[in-house]
Number of protein chains: 2
Amino acid sequence: MADEPILSLEDFLPYRLNRLAEAVSRDFSKLYRERYGLTRPEWRVLATLGEFPTMTATEIGTHSSMHKTKVSRAVVELERHGWLTRKTDDADRRVEHLALTKAGRGVYREMVPVANAFQARLLAKLDEKQRDAVMMALGALEFAELPLQGNMPAEQ
Amino acid sequence: MADEPILSLEDFLPYRLNRLAEAVSRDFSKLYRERYGLTRPEWRVLATLGEFPTMTATEIGTHSSMHKTKVSRAVVELERHGWLTRKTDDADRRVEHLALTKAGRGVYREMVPVANAFQARLLAKLDEKQRDAVMMALGALEFAELPLQGNMPAEQ
DNA sequence: GCTAGATAGTTGCGAATGTAACCATCGAAA
DNA sequence: TTTCGATGGTTACATTCGCAACTATCTAGC
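What about the overall build of chain A?
Here's step 1: From N to C terminus, chain A includes 6 helices and 2 strands.
Here's step 2: Listing each helix as α and each strand as β along chain A from the N terminus yields α-α-α-α-β-β-α-α.
Here's step 3: Over its C-alpha atoms chain A spans a radius of gyration of 19 Å, topping by over 25% the 15 Å that the globule rule assigns to 156 residues.
Here's step 4: Principal axes of the C-alpha set define a box for chain A whose edges measure 70 × 35 × 25 Å.
Here's step 5: Counting over 156 residues, chain A shows a buried share of 31%.

Section: the confidence of the model for chain A
Here's step 1: Summary statistics for chain A give a mean pLDDT of 90 and a share of 92% for residues scoring 70 or more.
Here's step 2: Within chain A, no element has a lower average pLDDT than helix α1 (residues 13-36) of chain A, which sits at 93, and none a higher one than strand β2 (residues 96-100) of chain A, at 98.

Describing the relation of the copies chain B and chain A
Here's step 1: After a rotation of 180° and a shift along the axis of 0.0 Å, chain B superposes on chain A with an RMSD of 0.1 Å. Put plainly, the chains are arranged around a two-fold axis. Minimal C-alpha distance to the rotation axis in chain B is attained by Ala133 of chain B, lying at 2.3 Å.

Observations regarding the packing of helix α2 (residues 40-51) of chain B against helix α3 (residues 57-64) of chain B
The description of two helices packed together rests on the angle between their axes and the distance between the axes.
Residue and element names in this part refer to chain B.
Here's step 1: With their axes 11 Å apart at the nearest point, α2 and α3 run at an angle of 105° to one another. Considered as vectors, α2 and α3 are oriented roughly perpendicular to each other. In this structure, α2 contributes Arg44, Val45 and Thr48 to the contact, and α3 contributes Ile60, His63 and Ser64.
Here's step 2: Its residues assigned to classes, the contact of α2 with α3 comprises 2 nonpolar, 3 polar and 1 charged.

Some words on the interface of chain B and chain A
Here's step 1: With 54 residues of chain B at the contact, the number on the chain A side is 54 residues.
Here's step 2: Sorting the residues of the side of chain B that touches chain A by element identifies α1 (13-36), α2, α5 (102-123) and α6 (128-145) of chain B as the ones contributing at least two each.
Here's step 3: Top contributing element to the side of chain B that touches chain A by residue count: α1 of chain B, with 17 residues.

Quick notes on the packing of helix α2 (residues 40-51) of chain A against helix α4 (residues 68-80) of chain A
Residues and elements named next belong to chain A.
Here's step 1: One way to put it is that α2 packs onto α4 with a least axis distance of 9 Å and a crossing angle of 80°. In terms of their interaxial angle, α2 and α4 are classed as roughly perpendicular. Between α2 and α4, the contacting residues are Pro41, Glu42, Val45 and Leu46 on the first element and Lys70, Val71, Arg73, Ala74, Val75, Glu77 and Leu78 on the second.
Here's step 2: Here the contact of α2 with α4 is composed, by residue class, of 7 nonpolar, no polar and 4 charged.

A short note on the environment of Met136 of chain B
Here's step 1: Inspection of the secondary structure assignment puts Met136 of chain B in helix α6.
Here's step 2: Between the C-alpha atom of Met136 of chain B and that of Lys87 of chain B, which follows or precedes it by 49 residues, the distance is 39 Å.

Brief notes about the sheet that holds strand β2 (residues 84-88) of chain B
Sheet strands associate in pairs through backbone hydrogen bonding, adopting either a parallel or an antiparallel arrangement.
All names here are of chain B.
Here's step 1: Reading across from one edge, β1-β3-β2 is the order of the 3 strands in this open sheet, with antiparallel pairing throughout. Strands at the two margins of the open sheet, each flanked by one partner only, are β1 (55-56) and β2.
Here's step 2: The strands that helix α4 (residues 68-80) touches are β2 and β3 (96-100); relative to β2, the one it contacts most, it runs at about 115°.

Observations concerning the nonpolar core
Side chains of a nonpolar character, in soluble globular proteins, are inclined to be buried together.
Here's step 1: Ranked by size, the top nonpolar core spans 26 residues in total, and within it Leu20 and Ala137 of chain A together with Leu20 and Ala137 of chain B carry the most contacts.
Here's step 2: Residue assignment for this core shows that the elements contributing at least two residues are α1 and α6 (128-145) of chain A together with α1 and α6 of chain B.
Here's step 3: Once you skip the residues sitting within four places of it in the chain, Ala137 of chain A turns out to touch Ala133, Val134 and Ala137 of chain B.

Section: the environment of Gly37 of chain B
Here's step 1: With respect to the helices, strands and loops of the structure, Gly37 of chain B is situated in the loop between α1 and α2.
Here's step 2: Along the chain, Gly37 of chain B and His67 of chain B lie 30 residues apart, while their C-alpha atoms are 21 Å from each other.

Comments concerning α2 of chain B
Here's step 1: Its 12 residues give α2 of chain B an end-to-end C-alpha distance of 17 Å, which sits within 8% of 16 Å, the value for a rise of 1.5 Å per residue.
Here's step 2: Within α2 of chain B, the full set of buried residues consists of Pro41, Glu42, Trp43, Arg44, Val45, Leu46, Ala47, Thr48, Leu49 and Gly50 of chain B.

As for the environment of Arg73 of chain B
Here's step 1: Among the structural elements, Arg73 of chain B can be located in helix α4.
Here's step 2: As for Arg73 of chain B and Pro41 of chain B, which are separated by 32 residues in sequence, their C-alpha atoms are 8.5 Å apart.

About the thresholds
- Residues numbered from 1 in each chain as written.
- Chains lettered and ligands numbered in written order.
- Predicted model: local features only at pLDDT ≥ 70, side-chain atom pairs only at ≥ 80, totals over all residues.
- Helix = DSSP H or I, 4+ residues; strand = E, 2+ residues; numbered from the N terminus.
- Rg over C-alpha atoms; globule rule 2.2 N^0.38 Å.
- Buried ≥ 20, exposed ≤ 12 C-beta atoms within 10 Å, placed from the backbone.
- pLDDT = per-residue confidence, 0-100.
- Least-squares fit on C-alpha atoms with pLDDT ≥ 70 in both.
- Axes fitted to C-alpha atoms, helices over the stretch in contact; angles between N-to-C directions.
- Parallel < 35°, antiparallel > 145°, perpendicular 65-115°, else oblique.
- Contact = placed C-beta atoms within 7 Å.
- Nonpolar A, V, L, I, M, F, W, Y, C, P; charged D, E, K, R; others polar.
- Pairing = 2+ DSSP bridges.
- Core = buried A, V, L, I, M, F, W, Y, C linked by C-beta atoms within 7 Å.
- Expected span 1.5 Å × (residues − 1).

Pasting the structure below:
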């Protein structure tokens, strides 16, 4: 008898992914928080604009899977710090083109090597085969999961 | 010139892991939220106790990398629903041994196949090689990251 | 036995989050 | 040109979260 149905959490993807992602993000967030007092959404917006010099809030949200209120608040805060400016679109006045200021680009430029070093330090703990596995695994799972559900997290 | 330092977010691990973990977890959370109104921490505690029939709050927190206040509140809520009971340890009265009630085990038993089906459906989108890569990647990253920083998220 | 420091778990409080409702603007169709 | 639905972005509100401070209890050194 003893028809115990078992779910092995140690093998369960949502559980493992979350635990890992939270640990990694928490580690990394220390670096930008202690340097610039950035929150995670703020860092993400800054990093996105560092890579793509001008984007709208909606585009940033889609690209990084962030809820639009999160983006909105991050933009307000970055603007308040003088790291970001908005420019209303001429043709469509609902749209705002966001860009980093000189100071914002300075913060970004200082963070780039910090971020790359973080990643290098993490990957250095893996051998070549494991690194390949990480890249393939993320690619495959992203392909399987990310496009299927609407990017904007409209549900919790 | 143009010494633009660049961080490619699309290749940056904290960013990718987080985006993926959030998407997967959000998908899966629908299943237990719509059935039982469970929150994520509550589901985690329930699932942990389903697998390990009796544990303390601290042990659950360590095992699942949850902050102790999260565990504490999840326990209160599960107890309120009649899905969990506490039993103070005889030798050390600070410690409470948690266990699912009959009703709690019922919820767990119903969720096990749902969870396994979710994982199977996700993995079905991958071929054999990709599945291997996922397992190896998670194992390697967990080994590299999880033990190194104290499990209890004492810092954000 | 007493005191000092550690540990299990809870609570208060401010900060962050998601949802829904909202405002402004746009494009298209009547 | 008026109206209606869609879209970009913000705000209000309730919930959730994490840290710090707390209570209760235990252990070890004196």
